[in-house]
Structure formats: C-alpha cells, structure tokens
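Residue-level listing of the chains:
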Amino acid sequence: MVAVGLALSLAATGIGFLAGGTQAHSVSGVQEVISYTVRPGDNLWTYASMVTPEGGDISHSVDELMELNNLSSPVLQTGQRIIVPNLS
C-alpha cells in the first residue's frame with residue numbers, strides 16, 4: 001500500500017496529525033483512522049492522491065474520503081477536523 005509514502009509525504013510537508021486512532025468501516029473493510037486538522041493550502045485531492053494505489057482512480061479515493069467525513073463537497077476549510085486513514 002502507499003501507507004509509507006503518505007506517512008513520509010505528510011511528515012516531509014509538515015502536516016501534523018492529532019493522536020488517537022479509531023476504526024472506520026468502509027466497502028473495503030475496517031480501517032484505522034485518525035483525526036486531522038486542516039491547514040492552509042490543504043485539499044482533499046492531495047490526500048486522495050497519497051492514499052490511492054498506483055494506477056487507481058483518485059476521484060474514487062476523494063469520494064471515499066468525502067463519505068468517511070460526511071462531506072457534500074471536497075472543499076476543506078482551514079481549522080476543519082477530518083478523519084483520514086492512519087498510515088503509520
């Protein structure tokens with residue numbers, strides 16, 4: 001999986017996660033998730049591209065993240081808290 005790549009990318013860009021893993025259920029099964037506070041310049045497409053398997057459809061990952069967070073739009077607001085896959 002792209003877990004290591006996302007973890008390294010997020011660490012390299014200074015994106016910080018808040019501790020506290022939880023589990024979420026999705027079509028692909030149970031997945032550990034963590035809460036993340038959106039920073040200026042963050043967007044859902046960037047996260048989706050990091051968690052999408054190579055050759056996969058990024059728009060599908062955006063849809064999954066939107067569903068996981070009960071979002072009606074992929075637009076994020078600075079300070080907003082979202083749930084993202086725990087890739088550590």
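Residue positions within a chain follow its written sequence, with the count starting from 1. In keeping with the model being predicted, local features are shown solely for residues with a pLDDT of at least 70 and side-chain atom pairs are shown and tallied solely at 80 or more, while totals for entire chains, interfaces and linings include all residues. Excluding hydrogens and water, the side-chain values take into account all heavy atoms of the structure.

## Let's talk about the packing of aromatic side chains
Any two aromatic rings considered together are summarised by their centre-to-centre distance and by the angle between their planes. Here is the rule: The criterion for an aromatic pair is that two Phe, Tyr or Trp rings (for Trp, the six-membered ring) have centres within 6.5 Å, with stacked assigned to planes under 30 degrees apart, edge-to-face to planes over 60 apart and tilted to the rest. Working definition: helices are DSSP H or I runs of at least four residues, strands are E runs of at least two. Numbering for both runs from the N terminus. Exposure classes here rest on a 1.4 Å probe applied to the protein chains alone. A residue is buried below 20% of its type maximum, exposed above 50%, and partly exposed in between.
Throughout the structure, instances matching the rule amount to one aromatic pair. Centre to centre, the rings of Tyr36 and Tyr47 are 5.4 Å apart; their planes meet at 75°, and the pair counts as edge-to-face. Of the two residues, Tyr36 sits in strand β2 (residues 29–37) while Tyr47 sits in helix α2 (residues 44–51), which places them eleven residues apart along the sequence. Residue classification places Tyr36 among the buried residues on the basis of a relative accessible area of 0%.

## Looking at the environment of Met66
This is how the line gets drawn: Contact criterion: two residues are considered in contact whenever any of their non-hydrogen atoms come within 4.5 Å of each other.
You can see Met66 is positioned in helix α3 (residues 58–68). Expressed as a C-alpha distance, the spacing of Met66 and Ile83, which sit 17 residues apart in the sequence, is 9.5 Å. Met66 has contacts with Leu44, Leu71, Ser72, Ser73 and Pro74, leaving out every residue within four places of it along the chain.

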